[in-house]
Structure formats: structure tokens, C-alpha cells
Amino acid sequence: MTLAATLGSDLLRALLQGTPPGTVYALIALGFVLTYKTSGVFNLAFGAQASISAAMYYKAHTDWRWPILPALIVSVFVLAPGVGLLLERLVFRHLRTASSVAKIVVTLGLSIAVPSIFELVFQFQGVAGRTPEGIVPNGAGVYYDPFGVYPFSRNELMTMAVAVTAMLGLAALFKFSALGLQMRAVVESPRMTELNGIRADRVSALSWALSSSFAGMAGVLIAPRFNTLAAPDFFNLVVVAIAAAVLGKLVSLPRALVGGFCLGWIIALLGTFLPRWSRTQTWLRPFQENLTPSVPFLVLFGVLVFWPAIRRAREASDPLSGVDPPPSSVGSGARGASRPRFSRVIGLALLVGIGVIVFIRADTSWIFLVTQAVVMSTIYLSVTVITGLAGQISLCQGTFAAIGGFTVFQLADRHGVSVLLAAVIGAVIAAAVGAVLSLPVLRLGGVWTAVATLAFAYLFDSVLVKISWICGGGTSLLQGTRVPRPVVGPWDFADDRSFLVLTVIVFIVVAFAVTQIRSGTVGRTLSAISGSEVAAESIGISPARARVTAFAVSAFIAGLGGALLSIHQRNVNYGSNFSPFAALFWLVLVVSLGARTVQGAAQAGAAFSLFDTLILRGTFMGWILRSSKRIPEIFPINPKWRFVFFGLGTIQFARHPEGLVEHGKRQMRRRVDALRKRRTGSGGSIDDASPVSTPQPSSEPSNETDTAVVPVGETTR
Amino acid sequence: MTELLRFANVSAGYGPFRALFDVSFDIQPGEAVALLGANGVGKTTIARVATGLLAPSSGTVTFGGTDLTGAAAHRFARAGVAHAPEGRSVFATLSVEENLRLSFRRSKGRAGVDAAVGQAFELFPALGQRHRQIAGTLSGGQQRMLAMARVIVEEPRLLVADELSLGLAPIIVDEVYRNLDRLRQHGCALLIVEQHVGHAVALCDRAVVLDRGRTTWIGPADQASERLVRNLFQTESPMENSPTE
């Protein structure tokens, strides 16, 4: 009798305890669903939008000592909708016809760029240890205990009230109002909405303002739960909330709300009862600590993989998308042979020159940076394979790299295996994990592949990293994860210069392998699939096999690179190197500079490690001016600018999937060609810029000459 | 200026691709005009320019005496141009009733929506029975009926209908044409893009024959078939061909 009573009261307490975090998940899930419903964008930047409003509120209320109301108005009803309108006007209006994968890459870039822009503009620094205040006076200090079991703070009650009201309000908006109907219509087809006499642009702008305000509101409400206001925290929360939103197939507001609450309850129940069970069931103990934080990611991963309705829920395509000019082909742009060979030779000579100078003249810190650049380039080649060749977005490359790093740490530090051998073993393990993971994940396709890989990355982050035989567990937090440098015969790579040589050799080998894959059967198969999966299947290509290969190869490269990075830093440094949010920046960098080519990966590696020192601190300018004293005063530029530059760089991914550098080169080539053509006065060959024109009938009754429309090639025949 | 729609030297295209070259024609109020020609001659492009979906690269488009060149599609719609585009022309994610409401809310005002929806369901009882069904799950014929219901109740001044019979059973095609005829009798002008020349010729007063982005012939609809056949045979072997007119 008493046992049942205790169990009952424990159950009630757990449920009540789980309600406040559940409300937070529900609130974010609602906002996420709202954005998806009204804009059709799988908006991973939602957390960034929430975080800047929270930061604005903190700045106004705590730093500037504004009263609550004006601070709330400025952060939620001015800044947030303003940001939404800007994003719509400058970014998403131009991406309507872009693929959902391109859009998700853009939102990733934005989730890195937007908080950095805010921090730069308002000179805001994520604060540690100072808990932001809520929107009710003394919100964290006054408690109400309706059941005598668990007390709720004012802040928590306010959040709950807002979440439920918002769900009802939004449901009513979509159910009963003309605006809600128009918003849903615009998502499906802006042009068809226009045909109904409705201004699609205006509706879409309103949608963004509304969903962004909602993000802001959510951010301000949940900020008191954090003791910092760092963007990664909000990003994590969005990933958790996606689990709740997915339960409603991303369109049902009530289900998102219930999903959020359920997550909160499950976590609280496990937190209450698991310790009790593990007292008798000892095998549960290792899971006890780690299971609770990983629940949302387990749920997300499980739902995506085991709930086929998600995969089948394809977006309704816009029947009028044919009105727009076709998007630039993903596989387009094989460059001609002659000029690139020339420029390749010059580029290679330049690179070798720089390499020699670095090798002979550079001091320790420069050697460190250059080595890091080379290692990062190797890791980025894994993105080249999975995104550039296979056209898939993987957000767990950091995890594969970490597997490489941790394997070297385990084998070399604990078991005395040769370091280089351990690195290769690490890469093989990463490849195996990648191959296994790819089986359920890759058949999801598009956005869902990205989300499932993200869920896997967070699963690794929240559970596996803490297990001692995998990633060192708790001891590694105190002692660090030591990774020695290799010694091979007479060569001791503890010397930084020789290690640089080693990394360069590894990079060259991997780069060569990638180019071979690209031009080989796997590469051709992948490019066929990215052209049209159906057509590829109809000629007997198995997309699954090609993709699993690509995923495994990519994981191998990432694992190898991760091992090298750990060896280079003599420590795995999981948090700063490989954590899911840190690894997002990798993708953003590679995609904005060039995900197709080895060169793009190399440039991304250089940008990652040298952009700050070389460009932002003005060192390069100093070299040009031939004195460090003459560097203009605007240097050093805040290193956060690189997040802004490269984050915003992803915006062009939708239109120029080949990347900024490659695009720039092609533009230049076109100009040179055009100039040359004008000089010689006759048409040259048809290059990839030449307009496709309808051939004109020679039997045309009219006497007009069609000089403007005859294909360029025709005139030279 | 009596004409309802007027194309004057209109050229248009998609990105670098040019699909129309100096097309000129007009439609009188209440008149039915058929656009005829083989695949890829620019019929759909003309329909898109006539409804504001595509802005012409040169030339002017006037509707009811107002210059609407380059105006957004919603301005064409507000001026009284309705468009039933090729393929699916309903919102697949909205229900049947929501599809109708979306359109009537603007054209009939808040007060007139219910009456207009009722009228649509009276005309097409089958739709009324399925008013809560998601439009994407309707059959092709039912989707066409939904699009027609919307247009008939809205009473536009001009309907631009693109390949209305595409993929439909003959019996439903007849139904569609009966409805088009009903629209005409209410004074609505029609611009019809159709590969079923027989149907189009029977309904229309005049025809515009297109070839490779240009108008090659404009005249009474009943003479169009002959002209179309001649066009086809002329372009079959352009090498031996010499201009005959």
C-alpha cells in the first residue's frame, strides 16, 4: 500500500518535474513547425534567431537596466521580426526554387553567421555564471506548489502559459483565418497563389516576421534555463525540439506540443526511476548517467529510421516551378583542359614555393598553423566526397574524425600500439561505423539524412564520449586525452617540421585517391544518381551501394584526418575540435568555398586555420606594406568575422553549388573569353556560358535576320 | 481600344533560353481564341506571359486598356485574368474547400465567401461531397473540376486555359468543354492552349498558329486545321523547303 503510494507520488513528481523542460521543447518545436509550415524551410537557424532575441533582452534588461516591457518589445517585437523580414527579403525569397538540401545548408550557415553578427554589432559576449532574468518580475524567486509535490517557478508557469496559448492561437490562425490559409498556399506554390490574386511576397514576408517573432519569444522565455547565452546551446535545443516536431510530421502544431511535453516527461521519468532500478540491476549503471541526456537524440534517430511515414511525407512540389529558369545543374561545369593545365602548373609552383619558404623560414607558431591547415584540408576532403560527389549532407563528420582521434588515443596511449597504425585502424573503424550508419540513414534522403546524421552526432556527443573504453570517459576530462607523435624508423615526428611533411604526404595521397574516385566508376555513378536517381536506377545502377561506398570512404578520410589532428595537437581536444556544433563550421566552410574539388577542400583548410592570423590580424597586409608597423588601425579585425563571412557564404550554395572560389574562377574565365572574342571579332567555341537558343527555321516566311538568336557555334561553321 | 488582351511584339524566354519572338495578337471581349502548334512552339509560354507568370523581355502586354507589361501575376488576377495552368492547378496540400476559399476570399470579399463556395458545390456536387478531402488526393479529373469550379464562380473577364484535356478521360474532356462553353456564354473571353485541335476549333472563333516561337498564321478557327497541317509538313524537311507565302 505504502509502496504504491510512494510510487504514485514519485510518478507525479517526475511528471511535474518534466513539465518545465517539456514546455521548452514544446515551445521550440511549435516555432520550428510554424516556420516549416509558413515558409517550407527546414530552419536550423531557428536557434540562432531565438538566441539573438534572448541576448538582446539580456542586454537591454540586465546591462542597460531597461524595464521588462520595453526590453521585451525591442527584443521580441522589433529585433526578431526585423531579422525575419531581412532573412526573407535577402535570402529565402531567392531560394524558393532551391532544393531542400541547399536550403538546409543555408540555414546552417545562418545559424553560425547570425549570432556572430549580433555579437559584433552589439558587442555582446555570451556570459557565464549570470543567469538571465525572465519576463516576469522575480521570475526565478517565487514558487507555486499546486500539488504539494513539486514547486513551479513563475518563469516556468509563464513559459507554460505562453506555449499553450501560442499553440491555440496558431492553430486558430491556420484553421480559421484567411492569412493562415494564404501562408500555407504560398509554401506550396507562390506562383499559383499569385494567380489567385494574392501577393505572395507580402504573405511570405509576414510569415517570416511571425515565425521569427515566435523564435524570439521562445528565446527570451527559455533563456533563464541557461547560465550562458551561447548560440550552440540554442542550436542543441533546436535539435532536441526537432524530435518533438517530427512526431507531428513537421506540420501538426498540437502534436509538436504534445511531443515536446512527452520528451520532458520521459527524461524526468528516466531520471527518477533509472537510478532506483540500477541499484538492483547493475548492468543498467553505465546507461543511467548517459541515457537521460541522450533521450531526445535517440527518439529523433529512432523516429526517422523506424517511422516510414516520415520518409514518405514528400513535400508537394510546385506545379509552376517550370516558369523559373532551371537551377544550375549540380554536375555542371567540367572545365576545359588547356587553360586549367596552365593555371594548375602555376598554382602548383606557387604552392611548392610557399611550402619551401614555410619549411625553411617559418617559426614554430607558423609551422603549427600550416600543419593544422593541411590536416584540416585532409578532413575536408571527406566533405568533398560525401557532399561534393554524393550530394548528401552529413552533419556527423566531426564524429567520424573524433572516432579516429579517440582510437589513436586508446590504442597508442593505453595499449602501446604504433601511432600510425592506430591512425589507420581509427580510420577503418570510422569507415565501418559510417557504412553501418549509412544503411538506415541514406535511404531517408535529402533533409532527413542531414537531420539523422546530426542526431547521431549528438548521440555520440552525449553518450559515447563519456564511456571510458571508447573515448576515455571521466578521466579524460581531468587528465586530457594524450596522443603521442609517431616514430617511424629513423624519423621522429615529434619534430614539427617532419610532422608537417608527413601530413602533406597524407594529404596528397588522400587527394589523389579522391580524384581517382571522382573520375572512376563510383564517381560517375554518384554523378549519375545526383542527376536523376530514377534514371540511374533504370540503367541498373544501385544508388544504395554507391552511396554506402561514398559514406564509408568519407568516414575513412574523416577518421584519418581526425587521428592526424589529434596527433598534431598531442591531444584529442574533443570539445573544441569535434563537437557537433564545431563540426558544423567545417561543412559551412567547405560548401562556401567549394565542395567539389580538392582545391576547395585545401582552401577551406587554409581558411580555417590561417584566415584569422593572415587576414583578420592584418599580417598579410603587413607583408604587403613591408612593415608590421604600417598595418592600418582597423586591424586586428574581430575573429568572429570569419563566422560571418563563411556563414553568409553558404547563401550562394543554392545557385552556385560549385562554391565561391570555383564560381569566381568561372566568371573570370567567361570575362576573359568574352574579351578575347571581342578582340578577334569572331565567335570562339561554345563555352558553358553561351545561351541556349532555339534554332531558327530557315523556312521562316519573315525576312528578318536572326542574328541575336543563332547559336554561337553556327556562325563559325 | 476595344480589345481585351493585346500582345504587341512580345518576346520572352527562360534564363538564356528564348521561347517567343515578337508575338503579336489580340483577343476581343467575349471572344474565344485557340493557340495551336506542335510541342515546344511556345504555347505555354504565351499563356504564362498572358497571366503575368512570366515577364516578357520585350514588347508590351495590355489588358482592358491597361499596360500590364512585367506586372506581377496577382495584378493580372485582380484585373480579371484567370489561369488554369498545365498539369496540376490546385493546391495539393489544401482541402477542396480551402482551395475555393483561398481564391474567393480575395475576389468575393469576406462576406461573399460562403455563398461562393456554396455556388461552386451546387455546380459540382461531387466536390461538395469531398469538401474536406485534401485536393492532392483527388483524381486528375476531379482536380480539373475543382479548378473549373473556382474559375466559373469567379466570373473572370478572360480565362487562359492551358492543356485542360491533358491526361483526362474523353468523357471528362467533354465535360470540361461544356463548362468552357458555359463560361463563354457568361461573357468570359477564352485563350485556349490545346493539342486536341478538334475540340479547340469547335469552341473557338479564331486561332493563332505558332511555329518555333513565332505566330505564323492568325485567322478563323475553322481554317486552322488545314493551316496547321501545312505548317507541319513544311517544317518536316527545312532543307528542301522554300517560303511559299
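Residues numbered from 1 in each chain as written. Chains lettered and ligands numbered in written order. Predicted model: local features only at pLDDT ≥ 70, side-chain atom pairs only at ≥ 80, totals over all residues. Heavy atoms only, no water.

1. Examining the overall build of chain B
No. 1: Secondary structure summary: chain B contains nine helices and ten strands in total.
No. 2: Whereas a compact globule of 245 residues would reach a radius of gyration of roughly 18 Å, chain B reaches 18 Å, a difference of no more than 12%.
No. 3: With respect to the three principal axes, the spread of C-alpha positions in chain B is 60 × 40 × 35 Å.
No. 4: By residue count, 55% of the 245 residues in chain B fall in the buried class.
No. 5: Within chain B, contacts between residues at least 6 apart in sequence are counted, and of these 64% link residues at least 24 apart.
No. 6: For chain B, the exposed area adds up to about 10,200 Å²; of that, 50% sits on carbon and sulfur atoms.
No. 7: Positive and negative side-chain charges of chain B, numbering 25 and 25 respectively, have mean locations separated by a distance of 8 Å. (Helix = DSSP H or I, 4+ residues; strand = E, 2+ residues; numbered from the N terminus. Rg over C-alpha atoms; globule rule 2.2 N^0.38 Å. Buried < 20%, exposed > 50% of the residue type's maximum accessible area, 1.4 Å probe, protein only. Contact = heavy atoms within 4.5 Å. Areas by Shrake-Rupley, 256 points an atom, 1.4 Å probe, with all protein chains shown as cover. Lys, Arg positive; Asp, Glu negative; His and termini not counted. Charge placed at Lys NZ, Arg CZ, Asp CG, Glu CD.)

2. Considerations on the nonpolar core
No. 1: Counting 242 residues, the largest nonpolar core has F42(A), Y380(A), F400(A), F7(B), L158(B) and L191(B) as the members making the most contacts within it.
No. 2: Among the domains, domain 1 (2–313) and domain 2 (373–593) of chain A are the pair contributing at least three residues each to this core.
No. 3: Residues contacting L191(B), with those up to four places away along its chain left out, are L5(B), F25(B), I27(B), V33(B), L35(B), A50(B), L158(B), L159(B), V160(B) and A161(B).
No. 4: Of all hydrophobic cores here, the second largest spans 48 residues; its members include A32(B), F104(B), L159(B) and A207(B). (Core = buried A, V, L, I, M, F, W, Y, C linked by side-chain atoms within 4.5 Å. Domains from an automatic or database assignment.)

3. Here's the deal with a nonpolar patch on the surface
Residue and element names in this part refer to chain A.
No. 1: Side chains of L348, L351, V352, V356, F359, I360, V501, I505 and V509 sit close together on the surface and give an oily, nonpolar patch of about 840 Å² of accessible area.
No. 2: Listed by contribution, the elements that provide at least two residues to the nonpolar patch are α13 (338–361) and α20 (496–519).
No. 3: Relative to the helices and strands, F359 resides in helix α13.
No. 4: Of the residues examined, F359 reaches a relative accessible area of 36% and is grouped as partly exposed. (Patch = residues over 30% accessible without salt bridge, like charges linked within 9 Å, V, L, I, M, F, W, Y side chains within 5 Å. Salt bridge = Lys/Arg side-chain N within 4 Å of Asp/Glu carboxyl O.)

4. A word on the confidence of the model for chain A
Close inspection of predicted coordinates is inappropriate in any region flagged by low pLDDT.
Residues and elements named next belong to chain A.
No. 1: For chain A, the mean per-residue pLDDT works out to 83, and 90% of the residues sit at or above 70.
No. 2: Below a pLDDT of 50 lies the segment residues 329–337, which in the model reaches twelve contacts outside its immediate sequence neighbourhood of four places, other chains included.
No. 3: Note that pLDDT drops below 50 for residues 683–717; the model gives that stretch 41 contacts with residues more than four away or on any other chain. (pLDDT = per-residue confidence, 0-100.)

5. A few points about a positive patch on the surface
Residue and element names in this part refer to chain A.
No. 1: A surface patch of positive charge is lined by R341, R344, R518 and K665.
No. 2: Structurally, R518 can be placed in helix α20.
No. 3: For R518, a relative accessible area of 31% puts it in the partly exposed group.

6. Some remarks on the environment of S103(B)
No. 1: Structurally, the position occupied by S103(B) is in helix α3 (residues 96–107).
No. 2: Judged by relative accessible area, S103(B) falls into the buried class, the value being 0%.
No. 3: Setting aside its immediate chain neighbours within four residues, S103(B) contacts N196(A), R150(B) and E154(B).
No. 4: Separated by 3.3 Å, the side chains of S103(B) and R150(B) make a polar contact. (Polar contact = N/O pair within 3.5 Å; in protein donor to acceptor, adjacent residues only side chain to side chain.)

7. Quick notes on helix α8 (residues 200–222) of chain A
The α-helix winds at 3.6 residues per turn, so residues separated by three or four positions along the chain end up facing the same way.
No. 1: Its 23 residues give α8(A) an end-to-end C-alpha distance of 33 Å, which sits within 8% of 33 Å, the value for a rise of 1.5 Å per residue.
No. 2: Along α8(A), 19 of the 23 residues are buried, which leaves the element largely enclosed by surrounding structure. (Expected span 1.5 Å × (residues − 1).)

8. Re the domain arrangement of chain A
Residues and elements named next belong to chain A.
No. 1: According to the domain assignment, chain A contains domain 1 (2–313) and domain 2 (373–593).
No. 2: Using C-alpha coordinates to define each centre, domain 1 is positioned 31 Å away from domain 2.
No. 3: Each partner contributes to the interface: domain 1 provides 27 residues, whereas domain 2 provides 28 residues.
No. 4: Carbon and sulfur atoms supply 86% of the area that domain 1 and domain 2 bury against each other, a total of about 2,600 Å² over both sides.
No. 5: Here domain 1 is connected to domain 2 by zero salt bridges.
No. 6: The tally of links from domain 1 across to domain 2 stands at one residue pair in polar contact (both at pLDDT 80 or more).
No. 7: Top contributing element to the side of domain 1 that touches domain 2 by residue count: helix α11 (residues 285–306), with nine residues. (Buried area = accessible area lost by both parts, 1.4 Å probe.)

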